[in-house]
Amino acid sequence: MKLSTQILLAFLLILLLSVADSYTNYRLSLKVDLNSKFLSKSEEIIRNSNKTHRAVLEMQSAVRGYLLTSDTTFLQAYYSGLKKVPVFFQQQRILIAESSIQRSILDSIAVLHNGWISYTSELIKARKDNPGLYEQLLENKLRKHVGKNINDSITAKFKRFDKLEYKTRRRHSEMLLHSLQKTRTYSLIFLSLTIFAGICSTAYIVIMINNRINSMVRLADNISKGRFTIVQDSRNDELSHLASSLNIMSGKLQKNIEELENKNAELNKFAYVVSHDLKAPLRGIYNVISWIEEDLSEEVSPALRNYLNIIPKRTQRMEALINGLLEYARITRKTAPELVDTAALVSEITQSIVPREFTLKINDLPEIFTERLKLEQVLSNLISNAVKYSQPDSGYIEISCLETADFYEFSVKDQGIGIDPEYHGKIFEIFQTLREKNEMESTGIGLAIVKKIIDEQGENISVQSKPGEGTAFIFTWRNHKKT
């Protein structure tokens, strides 16, 4: 499965959990809204019931007051109730349209109230217009508690109505609380699942990618160190193509390195064979000159003797060039790093190279874990170069080292003839020399060897010099223990 597909699936899983959470919350919110609306409506029903009951009671009190005092001012509340109570009943019927039980109770209240109105209307009229009829009605109905019984029935039914409404209200309140609790519970569950799925999928993808990238980094590091391994990757995704490319590169580099090593071995053999074949004629020429000087010394003219003196110098220079080429070919050979006391190393080199007449200054030099032979070749050639281009009677050589965060910076300074800036780049080329070609010791290979070693080590070398002001060679060298 491709890496992009795995990431997409993880994203879809989290998205599905979010959608499920949203849908569940939506469904529960509908229930919450429904119960909230019912409770709001129930509150209005209770309020309207209390208002209606209070209006009925006010009408009853008004009638009693009038019947006791014959004061018509009491009837104002009665006549007002005749207008208001039917409106209240109608409003209540609209509010309880879905409850058949409450509707039947409200209808029975309305019937009782209308009966009471008929009863009281007859009493009020008789009280006003016919005292004899009033006495009769008083005797037959009022004293028999007909009106009281009606009023008690109305009150009882209002209580039953309110009790039923409060019971339904409590049930919906419990349903509302239950819905809110479920909403919080489901939200917490889905949130936890979403976070868990997100963390797990992210951790899985990150760890998988990190492990595979680390394996590829290790492969690249092995390649850089000359170990041409491969990385095992059986997945079929984008990183698998990268791993396959690295494996192919590792294989090709290994093949190329092996071919290069074979070529180098052949070149070394060729160099030794050629050097042997070249040195043989040189030794023959040198022997012939020696025989001529021994056997025909009396017959050789001064001019011919001068020429004969030049030939050995040229043959010796040729032999020095051959030896330099062999040394140049050998510098690519690897040696095991070791702890090198550079102060002791420089002391050994200077004792064999620097004349006693020279002023030699060696500053504090460090101990370095490195390839001794290559560092020795660099220092030997630079010190030898300083000796060659200094005046024998006033020679001065200073060797010092500065330590930085990542490497050491060595410098070899002299007060010799100096080098014109236009030749600073050429002096590191093979066979380039500032001396005459017939001088044996100047082959033009020493600084080329230094440059090749420095480049092979991945270091830098620079020269600071002007004619007549001496020369300073500055090069960097890495401590293997720091890498």
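Note that the structure is predicted; figures quoted are calculated from it, not measured.

Engineer: Help me get a handle on the overall build of the protein, residues and values and all.
Structural biologist: Secondary structure summary: the protein contains 10 helices and 7 strands in total. Taking all 483 residues of the protein together, the buried fraction comes to 35%. Restricting the contact set of the protein to residue pairs at least 6 apart, pairs at least 24 apart contribute 74%. Accessible area of the protein: about 29200 Å², with a carbon and sulfur share of 57%.

Engineer: Run through a positive patch on the surface, naming residues and quoting values.
Structural biologist: Together, Lys163, Lys167, Arg170 and Arg171 make up a positively charged patch on the protein surface. Along the chain, arginine 171 turns up in helix H5 (residues 146-224). What makes arginine 171 partly exposed here is its relative accessible area of 44%.

Engineer: Break down the pattern of salt bridges for me, citing the residues and quoting the values.
Structural biologist: Tallied over the entire structure, the rule returns 8 salt bridges. The closest approach of N and O atoms between lysine 374 and glutamate 456, which form a salt bridge, is 2.8 Å. Highlighted residues: lysine 374 in helix H9 (residues 372-388) and glutamate 456 in helix H10 (residues 446-456), separated in sequence by 82 residues. Note on lysine 374: relative accessible area 1%, which makes it buried. A salt bridge links aspartate 455 to lysine 451, with the nearest nitrogen and oxygen atoms 2.9 Å apart. Here aspartate 455 pairs with lysine 451, and both are found in helix H10, just 4 residues apart, close to one helical turn. With relative accessibility at 43%, the residue aspartate 455 sits in the partly exposed group. Salt bridges sharing common partners tie together Glu371, Lys374 and Glu456.

Engineer: With reference to specific residues and values, describe the layout of surface pockets.
Structural biologist: One number sums up the size of the second largest pocket: a volume of about 430 Å³. Forming the boundary of the second largest pocket are 21 residues, of which Phe38, Glu98, Ser99, Thr168 and His172 lie nearest the centre. Elements with a contribution of two residues or more to the lining of the second largest pocket: helix H1 (3-69), helix H3 (100-129) and H5. Residue classes in the lining of the second largest pocket are distributed as 9 nonpolar, 7 polar and 5 charged.

Engineer: Go over the packing of helix H2 (residues 75-95) against H3 with me, naming the residues and quoting the values.
Structural biologist: Pairs of packed helices are described in terms of their axes, by the angle between the two and the distance that separates them. For the pair H2 and H3, the least separation of the axes is 12 Å and the interaxial angle reads 165°. The angle between the axes of H2 and H3 places the two elements in the roughly antiparallel class. For the crossing formed where H2 meets H3, the hand is left-handed. Across from Leu75, Tyr78, Tyr79, Leu82, Val85, Phe89, Gln92 and Arg93 in H2, the residues of H3 making contact are Arg103, Leu106, Asp107, Ile109, Ala110, His113, Trp116, Ile117, Thr120, Ser121, Ile124 and Lys128.

Conventions we followed
- Residues numbered from 1 in each chain as written.
- Predicted model: local features only at pLDDT ≥ 70, side-chain atom pairs only at ≥ 80, totals over all residues.
- Heavy atoms only, no water.
- Helix = DSSP H or I, 4+ residues; strand = E, 2+ residues; numbered from the N terminus.
- Buried < 20%, exposed > 50% of the residue type's maximum accessible area, 1.4 Å probe, protein only.
- Contact = heavy atoms within 4.5 Å.
- Areas by Shrake-Rupley, 256 points an atom, 1.4 Å probe, with all protein chains shown as cover.
- Patch = residues over 30% accessible without salt bridge, like charges linked within 9 Å, V, L, I, M, F, W, Y side chains within 5 Å.
- Salt bridge = Lys/Arg side-chain N within 4 Å of Asp/Glu carboxyl O.
- Lys, Arg positive; Asp, Glu negative; His and termini not counted.
- Charge placed at Lys NZ, Arg CZ, Asp CG, Glu CD.
- 1 Å grid on protein atoms, 1.4 Å probe; cavity = no way out; pocket = protein on both sides within 12 Å on 5 of 7 lines; lining within 4 Å.
- Points joined across faces, edges and corners; volume = space filled by probe spheres on them.
- Nonpolar A, V, L, I, M, F, W, Y, C, P; charged D, E, K, R; others polar.
- Axes fitted to C-alpha atoms, helices over the stretch in contact; angles between N-to-C directions.
- Parallel < 35°, antiparallel > 145°, perpendicular 65-115°, else oblique.
- Left-handed = near helix turned anticlockwise from the far one by under 90°.

These results come straight from atomic positions and should not be treated as a statement about function.
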